[in-house]
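Per-entry structural report
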Amino acid sequence: MKIVILTGAGVSAESGLGTFRDKDGLWTKVDLKEVATPEGFAKDPDKVHAFYNMRRKNARAAKPNAAHFALARLQAEHDGPVLIITQNVDRLHAAAGSEALHMHGRHDLACCWTCEARWDAPDEMSSADQCPSCGSTTTRPDIVWFGEIPQYLDEIARHLASADLFAAIGTSGQVYPAAGFVSEAKRHGARTVEINLLASDISDLFDEHIVGPATEVVPRWVDGLLQG
Ligand code: OAD
Ligand code: ZN
């Protein structure tokens, strides 16, 4: 059985990293057009760098939680492929020992808008930074902003087409294309499960719902899958 899992901010919430759209979420405090769009970056790059410098610092200090560890266990022990796709830019899946496709980029990488070089992001980035490859000052965090195309979409489409089970964990279903993955997997015959603290905007699309905090419900769900 091939399992494809999509994770969102809810899987890292109990590691102390805030979500975006919950009460007190990041997008209730900061205007996403200013800090998470190419236009916002063109207008005030240092404001955008300051925002990601803060998020990078928080992400570097955070520790993986029981949900990340359970998913790593599933990837290691399940008798079949387990693909994790994450919308998160933190590295908590990797810290727990699993591999994940970062469709919205990674806080710990920087890239260049001129030559597309990528390198490890320093703790603090600024608009004065030069690209180590071409020398231009068009460096940016390797984060996918609104209006940009997420990474790995071809690879993800292939996996969704061959999934037997698709799970969405801790994601609100408000951001496409990720919110469309459930329909895509279902169209190709996968059973679908939503795991979330609350019902999401797209809960109706799933065959099964598991409601509760990720650190409690994900390990239980993984135990069930591994026991077959
Ligand atoms: P959201 O903030 O939109 O949604 C977080 C989801 O996690 C909600 O559905 C919550 O109910 C759920 N949640 C919160 N705490 C939880 C917990 N302890 N256990 C389980 N579920 C919990 O975050 P995302 O759906 O990840 O993109 O947002 C998607 C994208 O929008 C992000 O990748 C980011 C953002 O703008 C970019 O910045 C490009
Ligand atoms: Zn460059």
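Our structure's up above, just so we're on the same page.
Please read these numbers as outputs of a predicted model, since none were measured by experiment. (Residues numbered from 1 in each chain as written. Chains lettered and ligands numbered in written order. Predicted model: local features only at pLDDT ≥ 70, side-chain atom pairs only at ≥ 80, totals over all residues. Heavy atoms only, no water.)

A look at the packing of aromatic side chains
Definition in use: Note on ring pairs: Phe, Tyr and Trp rings are taken, using the six-membered ring of Trp, and paired if centres are within 6.5 Å. Classes follow the plane angle, with under 30 degrees stacked, over 60 edge-to-face and the rest tilted. Labels follow the DSSP assignment, with helices taken as runs of H or I lasting at least four residues and strands as runs of E lasting at least two, numbered in each case from the N terminus. Buried residues are those whose accessible area, probed at 1.4 Å on protein chains only, stays under 20% of the maximum for their type, while exposed residues exceed 50% and partly exposed ones sit between those limits. Here, a charge over a ring is recorded when the distance from Lys NZ or Arg CZ to the ring centre is within 6 Å and its angle to the ring normal is within 35 degrees.
Following the criterion strictly, the structure yields eight aromatic pairs and no others. Ring geometry for W27 and F146: centres 6.5 Å apart, planes at 65 degrees, overall edge-to-face. Pair noted here: W27 is in helix α2 (residues 26-29) and F146 is in the loop between β6 (139-143) and α8 (153-161), with a separation of 119 residues, a long-range link. Under the relative-accessibility criterion, F146 is labelled partly exposed at 33%. Geometry around W113 places R140 over its ring, the cationic atom sitting 4.6 Å from the centre. The aromatic ring of W145 is capped on one face by R140, whose charged end is 3.9 Å from the ring centroid.

Quick look at the coordination of the zinc ion (ligand 2)
Stated formally: Metal-coordinating donors are taken as N, O and S atoms lying within 2.8 Å of the metal, or within 3.2 Å when the metal is Na, K or Ca; because water is left out, some sites can appear incomplete. Donor angles set the geometry label: tetrahedral for four donors if every angle is between 85 and 135 degrees, square planar for four and octahedral for six if opposite donors exceed 155 degrees and the others are between 65 and 115, irregular for anything else.
Coordination of the zinc ion (ligand 2) by the protein is provided by C112 (SG), C115 (SG), C131 (SG) and C134 (SG), with metal-donor distances spanning 2.3 to 2.4 Å. In this structure, the zinc ion (ligand 2) is surrounded by four donor atoms whose angles at the metal cover 106 to 115 degrees, and the resulting shape is tetrahedral. Every donor residue of the zinc ion (ligand 2) comes from the same chain, spaced as C-x2-C-x15-C-x2-C. Residue C112 is found in strand β4 (residues 105-112), and its partner C131 is found in the loop between β5 (118-120) and β6; the two are separated by 19 residues along the sequence. Each member of the pair, C112 as well as C131, is classed as buried.

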